[in-house]
Amino acid sequence: MEQAVSAVQDEAEGTYTHSTTSGEAVLECEGVSKEFSVAGGKVLAVDDVTLQFPASSVLAVVGESGSGKSTLARMLLRLMPVTSGTITFRGQDVTHLHGRHLRGYWREVQAVFQDPFASFNQFFTVGSLLRRSLHLAEVPADEADHLIETCLGYVDLTPGQALGKFPHQLSGGQRQRVMIARALMMKPTVLLADEATSMLDATLRVNVLNVLHDLKHDLGLTVLFITHDIGQACYLADRVAVMEHGRVVERGTTEAVIFDPRGDYTKRLLSDVPDLRGSLKRPA
Ligand SMILES: Nc1ncnc2c1ncn2[C@@H]1O[C@H](COP(=O)(O)OP(=O)(O)OP(=O)(O)O)[C@@H](O)[C@H]1O
Ligand SMILES: [Mg+2]
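Residues numbered from 1 in each chain as written. Chains lettered and ligands numbered in written order. Predicted model: local features only at pLDDT ≥ 70, side-chain atom pairs only at ≥ 80, totals over all residues. Heavy atoms only, no water.

Undergrad: Can you walk me through the overall build of the protein in this structure?
TA: When helices and strands are tallied, the protein shows 12 helices and 12 strands. Burial statistics for the protein: of 284 residues in total, 51% are counted as buried. Considering only residue pairs separated by 6 or more positions, the protein has 67% of its internal contacts joining residues 24 or more positions apart. Per element, the accessible surface of the protein, about 13,400 Å² overall, is 51% carbon and sulfur. (Helix = DSSP H or I, 4+ residues; strand = E, 2+ residues; numbered from the N terminus. Buried < 20%, exposed > 50% of the residue type's maximum accessible area, 1.4 Å probe, protein only. Contact = heavy atoms within 4.5 Å. Areas by Shrake-Rupley, 256 points an atom, 1.4 Å probe, with all protein chains shown as cover.)

Okay, here's the thing in structure tokens:
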């Protein structure tokens, strides 16, 4: 069944009015490249990447360290300018947005990174951290507690488990789920997770992967999952894009990439996870 995904728009605030049908690309990049100047020359970190991120689906971008995944992510998030190419969100060119329009885009496309500790102020409880985020986003205080409770629920945390705690009193998986809850409070359309599960041990990792899976299902979220681990990519994603030296060298449905990989690079990544075909048990 096709699922309508809608998001709040307020032209005056520079956000978007839209309605997107499941399967349509919410976010796209076309011919995107990034060249860095470094001592002794230039590095082409991302080389002519074209990708579509369909509504209510998980796309994994997988590749070895240095393949350009985070650089691509930073450009998609508009945290770093492109050298060339175009980024489109709901059909609008957002490559050079600025001011309030860019702030509107930043609410729509939220991110969670590898180290949740780095995003926490250690001296604040989780409750004050989340309330502060909502205050900065100009969410009325009387709506804040309900929204916080709802978003903690999306990541399987109760207010009692999280709000009065300091970051060091939470497990790594709980910290990462709090960061996901914080991102969800902005009611985003896209959630970008860059190595968000890499620092977690296996049990906590599966837990967070399942939360991300449920968000796609329950909220119609579009998830961009960036990882060096093709096992995690295949566990979670509907589609996989494989990056090598800044280029997308393989793309397809997860099943196609696992069972019928085209490129030697993908085959080599898959050979590092020998039991992947047999153990592919994604959540229902
Ligand atoms: N600010 C920068 N200045 C110069 N070179 C950079 C910069 N950021 C990234 N690079 C280079 O661009 C390439 C891609 O880096 P990037 O961080 O995007 O890779 P990655 O796939 O995310 O790797 P990892 O899996 O280790 O996170 C690397 O060669 C890196 O050294
Ligand atoms: Mg990276």
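Undergrad: How should I be thinking about the pairing of strand β11 (residues 239-244) in this particular structure?
TA: A regular strand places its side chains so that they alternate between the two faces of the sheet. The pairing of strand β5 (residues 58-62) with β11 spans 4 bridges and is parallel. Within the sheet, the bridge partner assigned to Leu59 lies in β11 and is Arg239. Summarising the sheet, β11 and strand β12 (residues 247-253) pair through 6 bridges and their orientation is antiparallel. Among the inter-strand pairings, Met243 is bridged to a residue of β12, identified as Val248. As consecutive antiparallel partners, β11 and β12 are separated by 2 residues, and within that stretch His245 has a phi angle of approximately 50°, a positive value. (Pairing = 2+ DSSP bridges.)

Undergrad: What is the right way to look at the site of ligand 1 in this model?
TA: As a structural note, the neighbourhood of ligand 1 is formed by 13 residues, with Ser65, Gly66, Lys69, Ser70 and Thr71 the closest of them. At a separation of 3.2 Å, an oxygen atom of ligand 1 approaches a polar backbone atom of Ser67. Contact distances for ligand 1 include 2.6 Å between an oxygen atom and a side-chain N or O atom of Thr71. About the coverage of ligand 1: the protein hides 63% of its 630 Å² of free accessible area. Of all the elements, helix α1 (residues 69-76) adds the most residues to the shell around ligand 1, at 4 residues. Grouping the amino acids of the shell around ligand 1 by side-chain chemistry returns 3 nonpolar, 6 polar and 4 charged. (Near = heavy atom within 4 Å. Polar contact = N/O pair within 3.5 Å; in protein donor to acceptor, adjacent residues only side chain to side chain. Nonpolar A, V, L, I, M, F, W, Y, C, P; charged D, E, K, R; others polar.)

Undergrad: Help me out: how do you make sense of the packing of helix α4 (residues 126-136) against helix α5 (residues 141-154) in this one?
TA: Each pair of packed helices can be summarised by the angle the axes make with each other and by the distance between the axes. Packing of α4 against α5 brings their axes to within 10 Å, and their N-to-C directions diverge by 120°. Overall, the two elements α4 and α5 adopt an arrangement that is oblique. Seen along the crossing, α4 lies across α5 with a hand that is right-handed. Seen from α4, the contacting residues are Leu130, Arg131 and Leu134; seen from α5, they are Ala144, Asp145, Leu147, Ile148 and Leu152. Split by residue class, the contact of α4 with α5 holds 6 nonpolar, no polar and 2 charged. (Axes fitted to C-alpha atoms, helices over the stretch in contact; angles between N-to-C directions. Parallel < 35°, antiparallel > 145°, perpendicular 65-115°, else oblique. Left-handed = near helix turned anticlockwise from the far one by under 90°.)

Undergrad: So what exactly am I meant to see when it comes to the sheet that holds strand β9 (residues 190-194) here?
TA: Working definition: the strands of a sheet are paired by backbone hydrogen bonds and lie parallel or antiparallel to each other. Ordered by their spatial adjacency, 6 strands build an open sheet running β8-β9-β10-β5-β11-β12, and the pairing between neighbours is mixed. The open sheet terminates on both sides in strands that have one partner only, identified here as β8 (109-112) and β12. On average, each strand axis in the sheet is tilted by 15° relative to the strand beside it, whichever way the strands run. Here α1 sits on the sheet in contact with β5, β9, β10 (222-227) and β11, set at roughly 150° to β10. The strands touched by helix α7 (residues 172-184) are β8 and β9; relative to β8, the strand with the most contacts, the crossing angle is about 170°.

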